[in-house]
Amino acid sequence: MYSVDFGSCCSELVIDFSKMDVPTVFKVHLSDPRFLIAAGIIAFNPLFWNIVARLEYRRHFLTRQFGSPYLGCYVLMMAILGLNVLRSMKFETAIHSQPPWSALQQNWILWSGYGLLLCGTVLVFTSFWALGITGTFLGDYFGILMEEQVTSFPYNLMANPMYWGSTMNHLGLALIQASPAGLLLTVWLGICYKVALSFEVPFTTKIYTTKAKNK
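Residues numbered from 1 in each chain as written. Predicted model: local features only at pLDDT ≥ 70, side-chain atom pairs only at ≥ 80, totals over all residues. Heavy atoms only, no water.

Asker: It is not clear to me how the pattern of salt bridges should be interpreted in this structure. Could you clarify?
Answerer: Side-chain pairs of opposite charge can arise where the charged atoms are in close proximity. Scanning the model with the defined rule gives 1 salt bridge in all. For aspartate 32, the salt bridge is made with arginine 34, and the minimal N-O distance between the two is 3.2 Å. According to the relative accessible area criterion, arginine 34 is partly exposed, its value standing at 43%. (Salt bridge = Lys/Arg side-chain N within 4 Å of Asp/Glu carboxyl O. Buried < 20%, exposed > 50% of the residue type's maximum accessible area, 1.4 Å probe, protein only.)

Next up, the structure:
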């Protein structure tokens with residue numbers, strides 16, 4: 001058996017494995033500002049690009065501001081890329097500021113982390129290659145629609161490979177650093193992506209359904 005202690009006012013999560021045959025302490029300081037900032041940025045990013053993209057679809061404010069749907073999409077691209085860089089920086093800051101878990105400090109876990117990082121990077125970059133700039137950065141909401149559904153790699157393996165590739169990258173980094181905080185933040189990232197997709201997929205389907213009806 002193991003015990004779970006959420007600490008004083010949920011300021012930290014401590015799981016004691018002392019009665020099991022595994023290394024004993026999985027500890028995350030939930031109240032650490034660096035952890036909270038990373039968690040906040042993870043949640044903010046998909047919220048930001050979904051809100052901005054829907055506003056653009058309904059009001060065309062970026063297209064009007066920059067005089068072209070393509071320029072508007074490129075501006076949104078730069079904002080998303082900047083936020084993703086910031087998220088990566090804050091994620092790494094959070095996991096380096098928290099104690100590692102000795103159960104993860106094993107060679108096979110280390111190499112698994114590198115493997116996940118490699119696979120995740122391949123998924124992200126091949127997704128970008130398949131979709132192009134406007135396909136990747138919500139060009140659909142700007143009226144820049146793709147002629148047909150992408151079915152080449154990696155979309156022949158899974159739906160939304162860019163999101164899951166990003167999740168794999170974060171999981172890989174967490175394993176490489178033997179970081180329980182990184183594992184929690186990766187789970188949070190996956191949840192945020194799942195919630196974002198529950199809004200994005202139906203809305204994108206609606207855009208292309210409207211296009212098909214107007215032909």
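Back to the write-up after that little detour.
Asker: It is not clear to me how unusual backbone geometry should be interpreted in this structure. Could you clarify?
Answerer: Negative phi characterises most residues that are not glycine, and trans characterises most peptide bonds. Put simply, phenylalanine 153 and proline 154 share a cis peptide bond, and its omega is 5°. Even without being a glycine, histidine 60 presents a positive backbone phi close to 55°. For histidine 60, a relative accessible area of 37% corresponds to the partly exposed category.

Asker: When you look at helix α4 (residues 107-136) in this model, what are you seeing that I'm missing?
Answerer: Spacing of three or four residues puts side chains on the same side of an α-helix, whose turn is 3.6 residues. Between the first and last C-alpha of α4 there are merely 36 Å, a value that for 30 residues lags more than 12% behind the 44 Å anticipated at 1.5 Å per step. Residue alanine 130 marks the point of greatest curvature in α4, where the axis turns by about 75°. By the burial criterion, the buried members of α4 are Ile109, Gly113, Gly120, Leu123, Val124, Ser127, Leu131, Thr134, Gly135 and Thr136. (Helix = DSSP H or I, 4+ residues; strand = E, 2+ residues; numbered from the N terminus. Expected span 1.5 Å × (residues − 1). Bend = angle between axes of the 7 residues up to and from the residue.)

Asker: Please explain the packing of aromatic side chains as it appears in this structure.
Answerer: When we look at a pair of aromatic rings, we describe it by the centre distance and by the angle of the planes. Under the criterion given, the structure shown has 7 aromatic pairs. Ring centres of tyrosine 141 and phenylalanine 203 lie 5.4 Å apart, and the angle between their planes is 10°; on these two criteria the pair is classed as stacked. Of this pair, tyrosine 141 sits in the loop between α4 and α5 (161-176) while phenylalanine 203 sits in helix α6 (residues 180-214), placing them 62 residues apart in sequence. Of the two residues, tyrosine 141 and phenylalanine 203, both sit in the buried class. Each residue in the set Trp49, Tyr163 and Tyr193 is aromatic and connected to the rest through ring pairs, giving one cluster. (Phe/Tyr/Trp six-rings, centres within 6.5 Å; stacked < 30°, edge-to-face > 60°.)

Asker: Would you take a moment to explain a nonpolar patch on the surface for this structure?
Answerer: A grouping of Phe66, Tyr70, Leu71, Tyr74, Val75, Phe128 and Ile133 is seen on the molecular surface, where their side chains present a nonpolar patch of about 570 Å² in accessible area. Those elements that place two or more of their residues in the nonpolar patch are α3 (69-96) and α4. The element contributing the most residues to the nonpolar patch is α3, with 4 residues. For tyrosine 74, the location among the structural elements is in helix α3. Classification of tyrosine 74 as partly exposed rests on a relative accessible area of 34%. (Patch = residues over 30% accessible without salt bridge, like charges linked within 9 Å, V, L, I, M, F, W, Y side chains within 5 Å. Areas by Shrake-Rupley, 256 points an atom, 1.4 Å probe, with all protein chains shown as cover.)

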